[in-house]
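Read off the chains here:
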Amino acid sequence: MARDPRILIVEDDAAIRRLLRAALSRAGYDVIEAGNAREALAAADIDRPDAVLLDLGLPDRDGLELIQLLRAKGNAVLLVVSARIDTAEKVTALDLGADDYLTKPFDTEEVLARIRTALRHRRNEAAEAECVEIGAIVIDLARRRVLRDGEAVHLTPKEYDVLAALARHPDRVIGHVQLLRSIWGPAQERNVEYLRIAVRALRQKLEADPSRPRLIINEPGVGYRLLAGG
Ligand code: CA
């Protein structure tokens with residue numbers, strides 16, 4: 001993210017708004033305020049916030065309705081902050097598109113932690129939607145497919161999962177245990193042979209010269225790395 005993440009505070013209580021603004025500004029966020037639903041909808045259009053802290057008890061519109069309207073405007077993280085929230089309302093808020101909820105009175109450290117977590121999840125989802133292109137190889141993470149010179153490459157589900165796990169962090173070493181645990185499950189985390197077989201197959205299908213891999217690099221005793229330079 002090039003600029004600081006922008007947070008919209010939607011809250012009719014000026015004292016709470018000030019408290020949140022101070023905490024969020026200190027944490028390095030770019031902060032915008034709205035005192036009612038009308039201002040919130042206008043700010044969502046004009047300022048395109050990355051996250052919205054939404055008080056459900058607003059004077060001019062039902063908070064649950066506002067969740068739907070804000071969700072329809074974009075992909076901002078929606079954190080509901082409410083005094084009156086009960087379990088049924090939490091479920092409804094989440095169903096309508098809220099990412100998380102906090103109950104008043106809240107601790108500002110808790111608010112900051114929730115925002116950080118929600119923004120991180122959102123960034124990971126955005127990365128998930130991407131294509132990774134390395135030379136003649138295109139790894140389409142959104143559609144779970146791989147192309148070589150524009151032709152679909154047939155991979156088994158495990159081969160694909162290994163390739164995708166490496167492609168989500170190009171040029172970074174991903175450890176054997178981490179790959180085995182996330183793809184084959186914790187019971188198989190020492191079964192490095194599974195991984196070797198999948199990597200061998202991937203090299204056969206993707207490398208120009210499988211005996212001299214330039215795409216999936218072995219880091220002996222550690223793991224594998226997908227070289228994005230090709
Ligand atoms: Ca309120």
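That block above? That's the structure.
Presented here is a report on the structure given in the accompanying data block. Bear in mind that the values here come from a model prediction, so they are computed numbers and not experimental data.

Put simply, the second largest pocket is a space of about 160 Å³. Considering the residues around the second largest pocket, the lining is formed by Arg-144, Asp-161, Ala-164, Ala-165, Arg-168, His-169, Ile-174, Gln-178, Leu-179, Ser-182 and Ile-183. By residue number, the principal contributor to the lining of the second largest pocket is helix H7 (residues 176–183), which donates 4 residues. Per-class residue counts for the lining of the second largest pocket are 5 nonpolar, 3 polar and 3 charged.

The next thing to look at is the pattern of salt bridges. In a structure, side chains of opposite charge can pair up when their charged atoms sit close to one another. If you walk through the whole model with that rule in mind, you get 19 salt bridges. Two residues, Arg-21 and Glu-33, come together in a salt bridge whose shortest N-O distance is 2.3 Å. Residue Arg-21 is found in helix H1 (residues 14–26), and its partner Glu-33 is found in strand S2 (residues 30–34); the two are separated by 12 residues along the sequence. For the salt bridge of Asp-45 with Lys-73, the shortest nitrogen-to-oxygen distance reads 3.1 Å. Here Asp-45 is found in helix H2 (residues 37–47), whereas its partner Lys-73 is found in helix H3 (residues 63–73), with 28 residues between them in sequence. In this structure Asp-45 comes out as partly exposed when scored by relative accessible area, which is 42%. Since its relative accessible area comes to 29%, Lys-73 is described here as partly exposed. Three or more residues are tied together by salt bridges with common partners; here these are Glu-11, Asp-55 and Lys-104.

A few words now on the packing of aromatic side chains. Taken as a whole and judged by the stated rule, the model has 1 aromatic pair. Ring centres 5.9 Å apart and planes at 40° place the aromatic pair Trp-184 and Tyr-194 in the tilted group. Linking Trp-184 in the loop between H7 and helix H8 (192–206) with Tyr-194 in helix H8, this pair joins segments that are 10 residues apart in sequence.

Cut-offs used in this document
Just so you know, the residues in each chain are numbered from 1, in the order the chain's sequence is written. Residues qualify for local features only when their pLDDT is at least 70, as the model is predicted, and side-chain atom pairs are given and counted only at 80 or more; totals for whole chains, interfaces and linings, by contrast, use all residues. For the side-chain quantities, the full set of heavy atoms in the structure was used; hydrogens and water were omitted. We place a 1 Å grid over just the protein atoms. Points where a 1.4 Å probe fits but has no way out form a cavity, open points with protein on both sides within 12 Å along at least 5 of 7 lines form a pocket, and any residue with an atom within 4 Å of a point lines it. Grid points are joined across faces, edges and corners, and a volume is the space filled by probe spheres set on the points. Helix and strand definitions here come from DSSP, where helices need a minimum of 4 consecutive H or I residues and strands a minimum of 2 consecutive E residues; each element is numbered from the N-terminal end. All amino acids are sorted into three groups, where Ala, Val, Leu, Ile, Met, Phe, Trp, Tyr, Cys and Pro are nonpolar, Asp, Glu, Lys and Arg are charged, and the leftover types, Gly among them, are polar. Take a side-chain nitrogen of Lys or Arg and a carboxyl oxygen of Asp or Glu: if they are within 4 Å of each other, that pair is a salt bridge. Only protein chains enter the accessibility calculation, which uses a 1.4 Å probe; a residue is then buried when its area is under 20% of its type maximum, exposed when over 50%, and partly exposed in between. Each Phe, Tyr or Trp ring (for Trp, its six-membered ring) is paired with any other whose centre lies within 6.5 Å, and the angle between the two planes then decides the class: stacked below 30 degrees, edge-to-face above 60, tilted in between.

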